[in-house]
Amino acid sequence: MGSILSARNTRFHSRRTANFTESVIREMTRQALRHGATNLAQGFPDFAAPDAVKQAAVEAIRADINQYAITWGSQALRCAIAAKYQRHYGLELDPEGEITVCCGATEGMIASMLAVVDPGDEIVLFEPFYENYGPDAQLCGAIPRYVTLRQPDWSFDPDQLRRAFSPRTKAIILNSPNNPTGKVFSRAELEFIAGLCQEFDALAITDEIYEHILYDGAAHCPMITIDGMRERTILVNSMSKTYAVTGWRVGWVLAGPELTESIRKVHDFLTVGAAAPLQQAGALALSLPDSYYEGLAADYSGRRAAILTALAKAGFRSFHPRGAYYVMTDISGFGFDDDISFARFLIEKIGVAAVPGSSFYATPEGGRQQIRFCFCKKHETLDLAGQQLMNISSQL
Ligand code: GLN
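This write-up is about the structure you can find in this document. (Residues numbered from 1 in each chain as written. Predicted model: local features only at pLDDT ≥ 70, side-chain atom pairs only at ≥ 80, totals over all residues. Heavy atoms only, no water.)

**Points about the overall build of the protein chain**
Each helix and strand in the protein chain was counted, giving 14 helices and 13 strands. In terms of C-alpha radius of gyration, the protein chain reaches 21 Å, essentially the compact-globule figure of 21 Å for 396 residues. Dimensions of the protein chain, computed from C-alpha atoms along their principal axes, come out at roughly 60 × 55 × 45 Å. Counting all 396 residues of the protein chain, 56% fall into the buried class. For the protein chain, contacts bridging at least 24 residues in sequence account for 75% of all contacts bridging at least 6. Counting every atom, the protein chain has about 17,000 Å² of accessible surface; 52% of that belongs to carbon and sulfur. Side chains of the protein chain carry 37 positive and 44 negative charges; the gap between the two charge centres is 5 Å. (Helix = DSSP H or I, 4+ residues; strand = E, 2+ residues; numbered from the N terminus. Rg over C-alpha atoms; globule rule 2.2 N^0.38 Å. Buried < 20%, exposed > 50% of the residue type's maximum accessible area, 1.4 Å probe, protein only. Contact = heavy atoms within 4.5 Å. Areas by Shrake-Rupley, 256 points an atom, 1.4 Å probe, with all protein chains shown as cover. Lys, Arg positive; Asp, Glu negative; His and termini not counted. Charge placed at Lys NZ, Arg CZ, Asp CG, Glu CD.)

Structure representation (structure tokens):
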């Protein structure tokens, strides 16, 4: 037994996988299923995708769009992506040389990082951060430099950000609207970051999957549209959140032609391509009228109000999100030693799954008194969770 274990530790595992664990977010979904808990952990909708989008996928399969698409994406989807960015942001993209369709934003991020980062290069990350970026950094051998987003408004100290950049910086990872904080980076903040990218000759790799989920008049500004950033931004996005199809795994990466060439090589050998019939449906989804996106933001506004009210009643201190569909909360009022034991209590005694805050920090200390709830759920799910959370005080 001992020899098998030591063989496991020393011989059968690559060093690049040694320093990260499986995703805590996805583990929480498995725990929720095991305990029959209401799942406000992993961020996926429990409501239906738009009918027209589902219909387009069914028709694509019936029309025998069932073989590989072109490895970097079907022409129909790449053209729809270009048309959407032109319509929403006035951004001109060449579907032939600047768009790579991939298996979700998750593949988009790792393919992009593998394409541009050499082992030992530094990357700048705002903390708290979406947990995938840690393993992404490990897999490509990057050295992360963390910059704190400070409660309660998740602002950053420009001097700390400047100090995180160096001649070794290859890229900054920017997720706006932000998971888990709900921060939407302002144009002034983006311009400051853009200035540093230019001064230090670094790239911006931007995860923009919550671009249409915005509150209180917040606006999304893609970094790629900021002066001087067209050639040094890699924009990653996907259908998942905007069209409520997280299980489809259809995403895209936008970048200048030379960067795209490298990203496409990595993408091709990692996955060959995203599901062909779902790409076909994506072409229809991305052509939906503006009213679809307005409805999406309005619906999410209602869900945000419901969860914030429920959390306040149950005794949480919430950081109000301006975008995305998560609420970070402060749990120090409940008297638990750490976020993990509180998350376990929530699942086992209260029947609600959430994500321990420490999974968004490089060291667990940062998130020790924080828990993240997602609210991409039906009102009835949010109401049920609200009732369950009301039992916390009696179970303490
Ligand atoms: N973005 C989702 C979250 O933070 C999870 C995405 C995933 O599990 N791939 O909960």
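**Some words on helix H12 (residues 339-350)**
Asp 339, Phe 342, Ala 343, Phe 345, Leu 346, Ile 347 and Ile 350 are the residues of H12 that are buried. For H12, the secondary structure elements touched by its buried residues are helix H2 (24-35), strand E11 (352-353), strand E12 (355-356), strand E13 (370-374), helix H13 (379-389) and helix H14 (392-395).

**Quick notes on the sheet that holds strand E10 (residues 326-330)**
Hydrogen bonds along the backbone pair up the strands of a sheet, which may run parallel or antiparallel. If you trace the 4 strands from one edge of the open sheet to the other, you get E9-E10-E13-E12, paired in antiparallel fashion. Two strands in the sheet have a free side with no partner beyond their single neighbour: strand E9 (317-319) and E12. (Pairing = 2+ DSSP bridges.)

**Description of the packing of aromatic side chains**
For the coordinates displayed, the defined rule picks out 25 aromatic pairs. Taken together, a centroid distance of 5.4 Å and an interplanar angle of 35 degrees make the contact between Tyr 300 and Tyr 325 tilted. Here Tyr 300, found in helix H11 (residues 290-313), pairs with Tyr 325, found in the loop between E9 and E10; they are 25 residues apart in sequence, far enough to count as distant. The same class applies to Tyr 300 as to Tyr 325, namely buried. (Phe/Tyr/Trp six-rings, centres within 6.5 Å; stacked < 30°, edge-to-face > 60°.)

**Here's the deal with the packing of H11 against H13**
It is the contact of H11 with H13, at a shortest axis distance of 9 Å, that shows an interaxial angle of 5 degrees. Relative to H13, the element H11 is oriented roughly parallel. Across the interface between the two elements, Gly 302, Arg 303, Ala 306, Ile 307, Ala 310 and Leu 311 of H11 pack against His 379, Leu 382, Gly 386 and Leu 389 of H13. Here the residues of the contact of H11 with H13 sort into 6 nonpolar, 3 polar and 1 charged. (Axes fitted to C-alpha atoms, helices over the stretch in contact; angles between N-to-C directions. Parallel < 35°, antiparallel > 145°, perpendicular 65-115°, else oblique. Nonpolar A, V, L, I, M, F, W, Y, C, P; charged D, E, K, R; others polar.)

**What about the pairing of strand E2 (residues 99-102)?**
Across the two faces of E2 the burial is the same, with Ile 99 and Val 101 and Thr 100 and Cys 102 all buried. As paired strands, E2 and strand E8 (residues 251-254) are joined by 4 bridges and run antiparallel to one another. Counterpart to Ile 99 in the pairing with E8 is Leu 254.

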